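Report on the structure
Each chain, letter by letter, is given below.
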Amino acid sequence: MRLCNVGHEFDYETEKVARIFLPYEKIDIVHERAPGEDAAICTLSRDADGFLAACEVCLSGKKECASERVAGEKSKKSCELAVARCLYRCLSAITGYKSSWGILTGIRPAKLFSALSDKSGAVAAYKIFENEYLCDGGKADLCFKCAQSEKNITGINTPASFSLYVSVPFCPSRCSYCSFVSHSVENAKGIIPDYLRLLKKELEATGKVAARLNLRLETVYVGGGTPTAITADELKDLLFSVRENFDFSNVREFTVEAGRPDTVDLEKLAVIKAAGASRISINPQSMNDAVLRNIGRRHTAQQMTDAFYLAREAGFENINTDLIAGLDGDTFESFKSSLEKILALSPESVTVHSLSVKRAANITRRGEMPGESAGAAAGKMVDYARKTLEENGLFPYYMYRQSKTVGNLENVGYAKPGFEGLYNVYIMDETHTVLACGASAVTKLKEPRGDNIERIFNFKYPYEYINRFDEIISRKRGIEDYYAKHPVFDK
Ligand code: SF4
């Protein structure tokens, strides 16, 4: 589609709105009026009474127009939102699709709700979500609840607080929707020992920096990939290296992702337990075997149930499970049944994701994009999940959104009270530093008493990580440089 932005430069905002309706289509932006088939003309003009935002859209043989007056000397933001709303109304009328998030496209809607609520009160925040962003009341309510919970969790931060992330970018096979750098263990067999050897070196170097700076470790997350895809001995070596190199005296949560149920056995669970992990995550994504086959997973729903009971037997009292709404071949009835099977296991937390299909995923390369109606179907699934999980005592505690999500939907973590995944909140809310080790890991340095954030990127792929490891270690010096500029403790 051609997006003609005339009289303004709200390219980012208008493209985001167009993507809600045309997630996988190429969008060309021009700054002149170029009408025609598959074109949207979004204009902003000024007159004696203020500004006029207007849109005309021609798409699939249909035409729609919308306009809105922005009275008086309103801000650039008001004009931007008015143009976005006009485009949204036209595309919604043409496609017949109404997004429950309206034009709200940011990745942290709860943070926006919280900021509005702090400034003008919760009632005003609800109104802004509804009138300015065209967001429905249910989503505003979800933001309200997540904002409350996130505040309680981030409230216990100290200026010295930090979390540690450790990346194990290997999986038993590649899921069709995956856009992560993860390599299959079969293909990566030759490099795993070198990768783990260097990862331990990076942990050692990072641990020394944290100690020199007197930082206070709050949560640890070993993720990937699938950390349990490596052998029990390799996992033991890695987890004990984490313990040896960091001071665990203030750690409130230690999570190990046991992502794929087919990688979980009693030996690995015992290793994780012995290393002191308090929380694991076993993620089936669906409990329908046909759907699991469609997405390239090699395990069954029964293997998930077995892995879950094995984890209980090994003594884990805090288990998270993930589900995805909008998977290839999944229906509302089958999603509902997956959720029921998960609830029968009584996990402490359930994270409900909406399918996000990024360019790198196999599904995109094979041209098997989910249909447009998939958005409405996935919307019904996430709404059902929220209602059912809340009825079963699991409440929303964190939320984030990604680009190109089916139906422009959200990812939400639900937990029984007291079992919220703290690391999930810290990484999303950016309220304390996250030191990250391993391929594709990103260290986020947060100013102890301010909002400044700086990032240090590790190389993305395991072979780059191995070949350019010295550069990784030298980049880590940036941590001390950052804290020299932004000291934790008053001098
Ligand atoms: S388990 Fe996760 S990281 Fe691994 S292939 Fe699947 S989606 Fe990617």
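Residues numbered from 1 in each chain as written. Predicted model: local features only at pLDDT ≥ 70, side-chain atom pairs only at ≥ 80, totals over all residues. Heavy atoms only, no water.

Overview of the sheet that holds strand β3 (residues 39-47)
Our working rule: Should DSSP find at least two bridges between two strands, the strands are taken to pair. Here a strand is any run of E in DSSP of at least two residues, a helix any run of H or I of at least four, and the numbering for each starts at the N terminus. Interaxial angle, 0 to 180 degrees, is taken between N-to-C directions of lines fitted to C-alpha atoms, where a helix line uses only the stretch in contact. Only heavy atoms matter for contacts: two residues are in contact if any of them lie within 4.5 Å across the pair.
The five strands lie next to each other as β2-β1-β3-β4-β5, forming an open sheet whose pairing is mixed. Strands with a single pairing partner mark the edges of an open sheet, and in this sheet they are β2 (28-30) and β5 (62-71). Along the sheet, successive strands turn relative to each other by an average axial angle of 15°, direction set aside. Sheet topology note: the strand β1 (residues 2-6)/β2 ladder contains three bridges and is parallel. Bridging across to β2, Leu3 finds its partner in Ile29. Helix α2 (residues 76-95) contacts β1, β3, β4 (50-59) and β5 of the sheet and is inclined by roughly 155° relative to β5.

What to know about the site of the ligand
Rules: To be near a molecule or strand, a residue needs just one of its heavy atoms within 4 Å of it. Amino acids outside the nonpolar list (Ala, Val, Leu, Ile, Met, Phe, Trp, Tyr, Cys, Pro) and the charged list (Asp, Glu, Lys, Arg) are all regarded as polar, and Gly is one of them.
Taken together, Cys171, Ser173, Arg174, Cys175, Tyr177, Cys178, Phe180, Ser182, Gly225, Thr226, Arg260 and Arg297 make up the full set of residues adjacent to the ligand. When its residues are assigned to classes, the shell around the ligand shows five nonpolar, four polar and three charged.

Examining unusual backbone geometry
Put simply, Gly224 and Gly225 share a cis peptide bond, and its omega is 15°. With respect to the element layout, Gly225 can be found in the loop between β9 (216-224) and α8 (232-245). With a phi close to 50°, Ser60 is a non-glycine residue in the positive phi region. Among the secondary structure elements, Ser60 is positioned in the loop between β4 and β5. Its identity is not glycine, yet Leu134 carries a phi of approximately 60°, on the positive side. Assignment of secondary structure puts Leu134 in the loop between α4 (122-131) and α5 (137-154).

Some thoughts on the domain arrangement of the protein chain
Applied cut-off: Either an automatic procedure or a domain database provided the assignment from which the domain bounds are taken. In short, buried area is how much 1.4 Å probe accessible area vanishes from two parts on joining, totalled over both. The rule for a salt bridge is simple: a side-chain nitrogen of Lys or Arg has to be within 4 Å of a carboxyl oxygen of Asp or Glu. As used in this structure description, the phrase polar contact means that two N or O atoms lie within 3.5 Å; if the pair is within protein, one of them must be able to donate a hydrogen and the other to accept it, and residues adjacent in sequence are counted only when both atoms belong to side chains.
Taken domain by domain, the protein chain comprises domain 1 (2-95), domain 2 (109-152) and domain 3 (156-481). Once you take the C-alpha centre of each, domain 1 and domain 2 turn out to be 25 Å apart. Between domain 1 and domain 2, the contact holds five residues from the first and four residues from the second. Summed over both partners, the interface of domain 1 with domain 2 buries about 390 Å², with 62% contributed by carbon and sulfur atoms. It is Leu81, Arg85 and Tyr88 that lose the most area in domain 1 upon contact with domain 2, and together they represent 80% of the buried surface on that side. Summed over the shared surface of domain 1 and domain 2, the result is zero salt bridges. Across the domain 1-domain 2 interface, the total number found is one residue pair in polar contact (both at pLDDT 80 or more). Class assignment for the residues of the side of domain 1 that touches domain 2 results in two nonpolar, no polar and three charged.

Points about the pattern of salt bridges
Spelled out, the test is: We call a residue buried when its accessible area falls under 20% of the maximum for its residue type, exposed when it is over 50%, and partly exposed in between, using a 1.4 Å probe and counting protein chains only.
What the rule picks out here adds up to 29 salt bridges. In this structure, Asp47 engages Arg69 in a salt bridge whose closest nitrogen and oxygen atoms are separated by 2.8 Å. Residue Asp47 is located in strand β3, and its partner Arg69 is located in strand β5; the two are separated by 22 residues in the primary sequence. The shortest N-O distance in the salt bridge between Glu68 and Arg85 comes to 2.6 Å. Of the two residues, Glu68 sits in strand β5 while Arg85 sits in helix α2, which places them 17 residues apart along the sequence. Residue class for Glu68 comes out buried when judged on its relative accessible area of 16%. What emerges from the salt-bridge pattern is a single network uniting Arg108, Glu430, Lys444 and Arg455.

Here's the deal with the packing of aromatic side chains
To keep it simple, the criterion reads: Only centres within 6.5 Å qualify two rings of Phe, Tyr or Trp (six-membered ring in Trp) as a pair; their planes then separate them into stacked at under 30 degrees, edge-to-face at over 60, and tilted for everything else. A positively charged side chain is recorded as over a ring if its NZ (Lys) or CZ (Arg) lies within 6 Å of the ring centre. The angle to the ring normal must also be within 35 degrees.
Going through the model one piece at a time under the given rule, you end up with 21 aromatic pairs. Ring plane angle 75° and centroid distance 5.3 Å describe the contact between Phe113 and Phe129, whose orientation is recorded as edge-to-face. Highlighted residues: Phe113 in helix α3 (residues 109-120) and Phe129 in helix α4, separated in sequence by 16 residues. Comparing Phe113 with Phe129 shows no difference in burial state: the two are buried. Here Tyr397 and Tyr398 contribute two aromatic rings whose centre-to-centre distance is 5.2 Å and whose plane-to-plane angle is 40°, an arrangement assigned as tilted. An aromatic cluster is present here, built from Phe113, Tyr126, Phe129, Tyr133 and Phe144 joined pairwise through their rings. Here the basic side chain of Lys380 rests over the ring of Phe332, its NZ or CZ set 4.3 Å away from the ring centre. The ring of Phe459 carries the charged tip of Arg475 above its face, separated from the ring centre by 4.4 Å.

Section: the environment of Leu292
You can see Leu292 is positioned in helix α10 (residues 289-294). Counting along the chain gives 43 residues from Leu292 to Ser249, while the straight-line C-alpha distance between them is 40 Å. Among residues more than four places away in sequence, those in contact with Leu292 are Pro284, Ser286, Arg297, His299, Thr300 and Ala301.

Comments concerning the side chain of Lys139
Inspection of the secondary structure puts Lys139 in helix α5. Here Lys139 is in contact with Ser100, Trp101, Val382, Asp383, Leu409 and Glu410, once residues within four sequence places are set aside.

Here's the deal with α2
Operational definition: Helix span, expected: 1.5 Å multiplied by one less than the number of residues in the helix.
Helix length check: α2, at 20 residues, gives a terminal C-alpha distance of 28 Å against a target of 28 Å (1.5 Å per residue), a fit within 8%. Judged by how many residues are buried, α2 sits mostly within the fold: 15 of 20 residues are covered. One or two positions beyond α2, positive phi appears at Gly96, with a value near 75°.

A few points about helix α7 (residues 192-212)
Here α7 spans 30 Å end to end across 21 residues, near enough to the 30 Å set by a 1.5 Å rise per residue. Those residues of α7 not exposed but buried are Ile192, Tyr195, Leu196, Leu198, Leu199, Glu202, Leu203, Thr206, Gly207, Val209 and Ala210. Once α7 finishes, Asn214 follows within two positions and takes phi at roughly 60°, a positive value.

A word on the pairing of strand β6 (residues 161-168)
With eight of eight residues buried, β6 lies mostly within the body of the structure. For β6 and β9, the ladder comprises eight bridges, and the chain directions are parallel. What sits directly across from Phe162, in β9, is Leu217. Pairing analysis gives five bridges linking β6 to strand β16 (residues 433-437), with the strands arranged parallel. Bridge pairing links Tyr165 to Ala436 in β16.

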